[in-house]
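# Architecture at a glance
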Amino acid sequence: MLLLCAASVFAQPRAAADAWVAGAVLFPHGLATNALQPDAFAGLGAEHLAEQLKVRWQPATPPTQPRLTIHYSTDFPGHWRARDWRTLPLTQRGKVWEATLPVEELDVPLVYFVSDGSPTPALLSSMRVVSPRLAGMEKPSRVFWPFLDGFEEGVTGWALASAPTTTPQLKTSPGAHDGNAALSVPLPAGQRSVTVSTTRVRGWHYSLQLATGLRVWLRAPGGSGRARFTLHANAGTTNAITAISTVEAVLEDKWRKVDLSFSSFPNLPVVGTDLFSIEFIGEGPREFLVDDLRLLGRWKLPGD
């Protein structure tokens, strides 16, 4: 009996290292699913080459557009309404287009797809998911870095929550705590609060990297205000859970460091975290600044 049980275990098919994502998905805002061209991207795939995770595509016919972009997010399939999407250009090498995906954690898969540079709607591939460890990687391609965002590359990954159409859009400000840019969050005239959210904080930061909380720097240029903080698990779904931190920050016209332990968010299943929100409270019109969002834990960064 033991031999039969063991044989049945070893007979189970091994999960594919790289495969098309099954089931319903949701593409990032602004990319329409009616532009899917699965046949055109049939040769798309990822593989482990020279200690790197490469996505490669050899089209049957040359693309009509010279710009191809890969969209990728590091997390298990799901969390479609709150995935942390990043982009990279694909480079043409002979007949093959390729890009190198950064891998910081071997046991967290990467979901990816390709879009071309045609006018909206861009042509899209279906989504694929690759497991770095199953693909043969024995070590990450780069050291995990707990610094999540400093806005040097813009405001991608951040959005105003339930903002009226008249609310100014997010932008960067040169008045940074560190570096050249901070996030500027506008509070229009006649409003008492504004909320900004980001997908940068993920549950696997807690479960696999053992993060203990978050640190963020905030400022209220030319005045004062308050900030409240919320973590969301399974955001935008019927299983959504939110938890407001017991920490509330009083802001003024100088940078303030705010540390938020995950334990300050009551009854939150941290492993499901996919969205972090900051609500700014004050008298509009005015702006609030955000900079240097990072994880707290076993890491020591410059300035600590």
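See above for the structure.
Please read these numbers as outputs of a predicted model, since none were measured by experiment.

### Points about the pairing of strand 20 (residues 286–296)
Summarising burial for strand 20: 10 of the 11 residues are buried, a large majority. With two bridges connecting them, strand 10 (residues 147–149) and strand 20 associate as antiparallel partners. Bridge pairing in strand 20 places Phe147 opposite Arg294. When strand 13 (residues 182–187) meets strand 20, the two strands line up antiparallel, connected through five bridges. Bridge pairing links Pro186 to Glu287 in strand 20. In this structure, strand 15 (residues 213–219) lies alongside strand 20, joined through six bridges in antiparallel fashion. Counterpart to Arg219 in the pairing with strand 20 is Leu289.

### Looking at the nonpolar core
Grouped together as the largest cluster of nonpolar side chains are 41 residues, with contacts concentrated most on Val185, Leu218, Phe229, Phe276, Ile278, Phe280 and Val290. Setting aside its immediate chain neighbours within four residues, Ile278 contacts Val194, Thr195, Val196, Leu218, Ala227, Arg228, Phe229 and Val290. Counting residues in each nonpolar core, the second largest holds 20 residues, with Ala46, Tyr72, Leu106 and Met137 among its members.

### Regarding the side chain of Glu104
Counting through the fold element by element, Glu104 comes out in the loop between strand 7 (96–101) and strand 8 (110–116). Reaching out from Glu104, the side chain makes a polar contact with the side chain of Arg142 at a distance of 3.2 Å. Here Glu104 is in contact with Pro140, Arg142, Val143, Phe144, Trp145, Trp204 and Gln209, once residues within four sequence places are set aside.

Quick notes on the rules
Residues numbered from 1 in each chain as written. Predicted model: local features only at pLDDT ≥ 70, side-chain atom pairs only at ≥ 80, totals over all residues. Heavy atoms only, no water. Buried < 20%, exposed > 50% of the residue type's maximum accessible area, 1.4 Å probe, protein only. Helix = DSSP H or I, 4+ residues; strand = E, 2+ residues; numbered from the N terminus. Pairing = 2+ DSSP bridges. Core = buried A, V, L, I, M, F, W, Y, C linked by side-chain atoms within 4.5 Å. Contact = heavy atoms within 4.5 Å. Polar contact = N/O pair within 3.5 Å; in protein donor to acceptor, adjacent residues only side chain to side chain.

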